[in-house]
Each structure stands twice: as C-alpha cells, then as structure tokens.
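# Geometric and topological summary
Take a look at the letters that make up each chain.
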Amino acid sequence: QVQLVETGGGLVQPGGSLRLSCDASGQPFSYYVMGWFRQAPGKEREFVSAISWSGGSSYYADSVKDRFTISRDNTKNTVYLQMDSLKPDDTAVYYCAAGRTVVGVTTDRPYQYWGQGTQVIVSS
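Presented here is a report on the structure given in the accompanying data block. Source: prediction; values computed, not measured.

Analysis parameters
Residues numbered from 1 in each chain as written. Predicted model: local features only at pLDDT ≥ 70, side-chain atom pairs only at ≥ 80, totals over all residues. Heavy atoms only, no water. Helix = DSSP H or I, 4+ residues; strand = E, 2+ residues; numbered from the N terminus. Rg over C-alpha atoms; globule rule 2.2 N^0.38 Å. Buried < 20%, exposed > 50% of the residue type's maximum accessible area, 1.4 Å probe, protein only. Contact = heavy atoms within 4.5 Å. Core = buried A, V, L, I, M, F, W, Y, C linked by side-chain atoms within 4.5 Å. Phe/Tyr/Trp six-rings, centres within 6.5 Å; stacked < 30°, edge-to-face > 60°. Lys NZ or Arg CZ within 6 Å of the ring centre and 35° of its normal. Salt bridge = Lys/Arg side-chain N within 4 Å of Asp/Glu carboxyl O. Disulfide = S-S within 2.5 Å. 1 Å grid on protein atoms, 1.4 Å probe; cavity = no way out; pocket = protein on both sides within 12 Å on 5 of 7 lines; lining within 4 Å. Points joined across faces, edges and corners; volume = space filled by probe spheres on them. Nonpolar A, V, L, I, M, F, W, Y, C, P; charged D, E, K, R; others polar.

### Digging into the overall build of the protein
Within the protein, the regular secondary structure consists of zero helices and eleven strands. Scanning the protein from its N terminus toward the C terminus, one meets helices and strands in the order β-β-β-β-β-β-β-β-β-β-β. Rg of the C-alpha trace for the protein: 13 Å, near the compact-globule value of 14 Å for 124 residues, within the 12% margin. A principal-axis box enclosing the C-alpha atoms of the protein has dimensions of 40 × 25 × 25 Å. The 124 residues of the protein split such that 44% are buried. The contacts of the protein with a sequence gap of at least 6 include a subset with a gap of at least 24, amounting to 58%.

### Let's talk about the environment of Thr 75
Relative to the helices and strands, Thr 75 is located in the loop between β7 (68-73) and β8 (78-83). Separated by 29 residues in sequence, Thr 75 and Gly 104 place their C-alpha atoms 26 Å apart.

### Here we look at the nonpolar core
Residues Leu 4, Met 34, Trp 36, Leu 81, Met 83 and Tyr 94 are the most contacted members of the largest nonpolar core, which totals 36 residues. Of all the secondary structure elements, the ones that give two or more residues to this core are β3 (18-25), β4 (33-39), β5 (46-51), β7, β8, β9 (92-99), β10 (111-114) and β11 (118-122). Per element, the largest residue contribution to this core is five residues, and it comes from β9. In this view, Met 34 contacts Leu 4, Cys 22, Phe 29, Ser 49, Ala 50, Ile 51, Ile 70, Arg 72, Val 79, Ala 97, Ala 98 and Tyr 111; residues no more than four positions away in its chain are not counted.

### Description of the packing of aromatic side chains
Scanning the entire structure with this criterion turns up five aromatic pairs. Their ring planes at 80° and their centres at 5.2 Å tell us that Phe 37 and Tyr 111 sit as a pair that is edge-to-face. Of the two residues, Phe 37 is situated in strand β4 and Tyr 111 in strand β10; the sequence distance between them amounts to 74 residues. There is no split in this pair, since Phe 37 and Tyr 111 are both buried. The rings of Phe 37, Phe 47, Tyr 111 and Trp 114 are connected pair by pair, giving a single aromatic cluster. We note Arg 45 situated over the ring of Trp 114; from NZ or CZ to the ring centre the distance is 3.8 Å. If you follow Arg 72 out to its NZ or CZ, it ends over the ring of Phe 29, 4.4 Å from the centre.

### Re the pattern of salt bridges
Under the counting rule described, the total for this entry stands at five salt bridges. Through salt bridges with shared partners, a single ionic network connects Arg 38, Glu 46, Arg 67 and Asp 90.

### A look at the state of the cysteines
Applying the stated criterion across every chain, the model contains one disulfide. Here Cys 22 connects covalently by a disulfide to Cys 96, the sulfurs 1.9 Å from one another. One end of the pair, Cys 22, is in strand β3; the other, Cys 96, is in strand β9, and 74 residues separate them in sequence. The residues Cys 22 and Cys 96 share a single accessibility class, namely buried.

### Things to note about the layout of surface pockets
Picture a little ball the size of a water molecule; that probe, rolled over the atoms, points out where space is still empty. What the largest pocket holds in volume is close to 170 Å³. Lining the largest pocket are 14 residues, with Arg 38, Lys 43, Glu 46, Asp 89 and Asp 90 sitting closest to its centre. Grouping the constituent residues of the lining of the largest pocket by class yields three nonpolar, three polar and eight charged.

Spatial relationships are all this shows, so hold off on functional conclusions.
Listed below in structure tokens is the structure:
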C-alpha cells in the first residue's frame, strides 16, 4: 500500500503561481511512476502530468505544457507540481497518483494509488 497526501492548493489570481506537493509513504517511493490529474466541477478527471521513477522522463497535457513543471525528490518521497501562469480553466481538484509503469501514463489505467486531492481555484 502507498499513501499519498497532496498539499499546496488554494486560491490564486490569474497569472499567479502555486506549487503542489504530494507526500508518499508505505513503500519505496522510487518504485513508482507519479502522476498528477485534475477534475473540474462537472467534468471528467483528466491527466495533467507524470514523471518516471528517477525523474528522467516527464509528460504533460497540452493544456499545461510550458506552464507547469513536474519534479520529484526521491530522498523526501515527494513529487511536486509547479504551476505558473495559472488560468481560470486550471480551477480543479488536483490529485496525485502512483503506478508501476509508464505504459499508458497519460491515462488513469496504470495508477494503483490515489490521494484525496487538493483544491486549486484560479479567480480574480
């Protein structure tokens, strides 16, 4: 079992920045590919970003490319999502997830464990 806890959400103005963190516990963190997903009100959950075990490969949805940056610190068992140039359309609950493969990493299929989510609101 892996437990995931997201923090860092909040209210931010358009054009602002937030950094989300996801702390993992329960099994060796470096075994897992880590992903971020989000779900806006009335919409399906969607892929945002993912990072491979060592951090050597990263993946982004087109909607966040060049604005969001994923990173991980395997010594701290933490994955981060730096979100810059935020837009109202980025408003959602953000979830981190852990899986064992990068196959299908932009879908929710490979992810075995999910956090409870952290709310991000982008509004003036």
